[in-house]
Amino acid sequence: MEVSFSREAQQLRLGQGEVFHGEGILAITKALLQSGVAYVGGYQGAPVSHLMDVLVQSKPYLAELGVHVEACSNEASAAAMLGASIHYPLRGAVTWKSIVGTNVAADALSNLASPGVTGGALIVIGEDYGEGASVIQERTLAFALKSSLILLDPRPDLAHMVRMVEAGFALSEAASTPVLLQLRIRACHVRGSFACKDNVAPAMSERHLLNEPAPFDYGRLSHPPSTFAHEKRKSGDRLPAARRYIVQHGLNEHLCGTRDELGIIVQGGLYNSLSAALQQLSLADAFGGSVPSLFVLNVTAPLVPDEMRDFCVGKRAVLVVEEGQPEFIEQEIVTLLRRQGVDTPIHGKDLLVMAGEYTVEVMARGLVAFMARHAPELPVADGQAWLDAIAARRAAVAQELAKPLPPRPPQFCIGCPERPVFAALKLLQQDIGRLHIAADIGCHSFASFEPFNSGHTILGYGMSLASRAGVSPMMSRRALAIMGDGGFWHNGLVSGVQSALFNGDDAVLIIMKNGYTSATGTQEIISTPDAHAKTGADDKERSLVHTNQSIERTLQGIGVKWLRVVHSYDVGAMRATLESAFATDFAGLKVIVAEGECQLERQRRIKPWLASLVRAGKRTVRVKYGVDDDVCSGDHSCIRLSGCPTLSVKASADPLRVDPVATVLDGCVGCGLCGENAHAATLCPSFYRAEVIRNPRWRERIGARLRQATIKLLQPA
Ligand code: SF4
Ligand code: SF4
């Protein structure tokens, strides 16, 4: 990848007593090394991408420690990697975005959970739930419960999170159970500091090799009849061991309040927001003191019955603050208490909203309701006034904005190679009619917004081709699937292409070959081209092995007979190729590889290179497009066909024209789409192409002066 994490990588080297400053996810990365981790793997995805990004770029240092890092091809391969900890006392950590990544990893995770582990196994989960999330809204807790995994949900404080990583490995070993460490978006990005410890080189590692494999032990295979014994051991041995460790090491926190008869049990990850909500109601101060007593669940699975009893017994009432649905924790607490004869009133989802993120405001509303019922004597009027003011402000804004605002959805970067493909697709559908389009995960899903409104379904990463298998046989017109090269290698090759070929499906697939998994931060994939050679850009931070594997050769090798490679920006050629894919008599799978490097990554690479050429006095050319105001017809079909953010409108200088004219803003990177669209869609001839030349040659300087002089001569004074 082109983004440099060298500063973050330096922090991984900090030793005993030195202070780490930075983001939560980087603190976790450092904590892994302090815990003696022997191997790390994962698949990128917000909000945990940085963990792998930093480790991949730190490979030389990790090699000194003997720590192995693997950029896995998907979450399933990352989960399977933890199999190393089943037999060997190796500490291993993997990471991915959840819930989607956990779904992909589900098979391997279940098969890991069944025999359990010898070495500590930690799965760092980016819990993408709530405001700002980018995936389906489900919780990892459900998965942890069904597989009897341990789930940590640490209070978002760097020193505490680091402690929980270290405890997570030890807990995993004590209970022979893999541990999920859940980090919400805010926890990943919370900033702070902590005093470091020295990194621990693992006893068995790339530097200290095992001479013999573990002895054969059928009991460690997730295979019947061992699986029946595993199932009993989960609740008979491992669960009690986990609960003992949690209590003995004080992993959960009981924070006494000034009114101990009122209690709140909160998921650790929500503690900061709860604290802020209590402060709004004048029920807490900024230093951790609060009126109600708090029980912070840094471990949300399993719960410890004695801890729940000891906290709840004798209280007037307890509120359970649990984000997401259903209310597993609340239900379990009620069960645990009833079994022990404790009848303290328990509230939760009856006073707090069932679904969505528990923001400070959401929690404050629940707290007001709780206090009104069980502690009406407490003065929460200030907080209520604050909530009323928010409601009033919302109502006022809603009235003011009675007319809906134009939506401002996210969209492709300027010059993105995927935008022209959707322009071609739009033109195609004008000719042959609307298509069923199976969309996928990746940057190309931006096409689901204006002006393309493209895509009927999204069923998962790399699943587009598979998801149209039931549609194709029912449609008179062929169905189209679109996936990126990231999705192709993640899952699409096996789940989609293989299945379509095996079943002889008649369908069309577009693969956006931009060279990276761009949507997750432009990480490299097995087909990432060695583009650095073209520019001479600095290569020393590229630490993955580059096979430059070809998607095309892979497709041919697996048996794709109809395959075309089209340059993404060539709208005319793309439209013609699509037309032939939908018109051909060939009844099998037709694949179009749309080739064009991710513009974000390209610009990142070439901008410093071009700047260095300019500084060295060398000639550079930057292409820009523009619109001639006098020629622009003002129908804006160019904008509807492109959606490029730098293609905008401005008032016409002509007083006789009321409609605004199109204009190209300064951000244009000269991708050429404007020119291509103008030709392919026969738009008005208002676009011009200009070249901005730095350090021009003497002939170009003279030519420019001559042109300027001629124009001046012909213009009226
Ligand atoms: S990151 Fe790359 S592929 Fe994604 S929208 Fe931007 S230019 Fe396109
Ligand atoms: S040429 Fe057109 S589409 Fe490409 S960056 Fe410039 S304005 Fe945007």
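First, a word on what this report is: a plain description of the structure on this page.

Basis of the calculations
- Residues numbered from 1 in each chain as written.
- Chains lettered and ligands numbered in written order.
- Predicted model: local features only at pLDDT ≥ 70, side-chain atom pairs only at ≥ 80, totals over all residues.
- Heavy atoms only, no water.
- Helix = DSSP H or I, 4+ residues; strand = E, 2+ residues; numbered from the N terminus.
- Salt bridge = Lys/Arg side-chain N within 4 Å of Asp/Glu carboxyl O.
- Buried < 20%, exposed > 50% of the residue type's maximum accessible area, 1.4 Å probe, protein only.
- Pairing = 2+ DSSP bridges.
- Contact = heavy atoms within 4.5 Å.
- Axes fitted to C-alpha atoms, helices over the stretch in contact; angles between N-to-C directions.
- 1 Å grid on protein atoms, 1.4 Å probe; cavity = no way out; pocket = protein on both sides within 12 Å on 5 of 7 lines; lining within 4 Å.
- Points joined across faces, edges and corners; volume = space filled by probe spheres on them.

## A few points about the environment of Leu14
- Relative to the helices and strands, Leu14 is located in the loop between helix 1 (6-11) and strand 1 (19-23).
- On a C-alpha basis, the gap between Leu14 and Ala424 in space is 52 Å, while along the polypeptide they are 410 residues apart.

## Some points on the pattern of salt bridges
- Tallying each qualifying case throughout the model produces 31 salt bridges.
- For Asp217, the salt bridge is made with Arg220, and the minimal N-O distance between the two is 3.8 Å.
- What makes Arg220 partly exposed here is its relative accessible area of 27%.
- Among the ionic pairs, Arg259 bridges to Glu261, the shortest N-O distance being 2.6 Å.

## Looking at the sheet that holds strand 18 (residues 507-513)
- Reading across from one edge, 16-15-17-18-22-21 is the order of the six strands in this open sheet, with parallel pairing throughout. In the strand order of this sheet, the two ends are held by strand 16 (457-458) and strand 21 (562-567), each with one partner.
- Of the strand pairs in this sheet, strand 21 and strand 22 (residues 589-595) are connected by six bridges, and their pairing is parallel. Across the sheet, His567 pairs through a bridge with Glu595, a residue of strand 22.
- Running over the sheet, helix 22 (residues 571-583) touches strand 17 (480-484), strand 18, strand 21 and strand 22 and is turned about 165° from strand 21.

## Notes on empty space enclosed by the protein
- Within this structure, the stated rule accounts for six cavities of 30 Å³ or more.
- What lines the largest cavity is a set of 15 residues, and nearest its centre among them are Cys644, Thr646, Cys668, Cys671 and Cys674.
- Reported here for the second largest cavity is a volume of approximately 70 Å³.
- Every residue lining the second largest cavity is listed: Glu127, Tyr129, Arg139, Leu141, Gln182, Arg184, Gln267, Glu323 and Gly324.

## Concerning the pairing of strand 17
- With five of its five residues buried, strand 17 lies for the most part within the structure.
- Residues Leu480, Ile482 and Gly484 point to one face of strand 17 and Ala481 and Met483 to the other, with burial holding for every one of them.
- Two strands pair when backbone bridges link them, and strand 17 and strand 18 are joined in this way by five bridges, in the parallel orientation. Its bridge partner lying in strand 18, Leu480 is registered against Val508.

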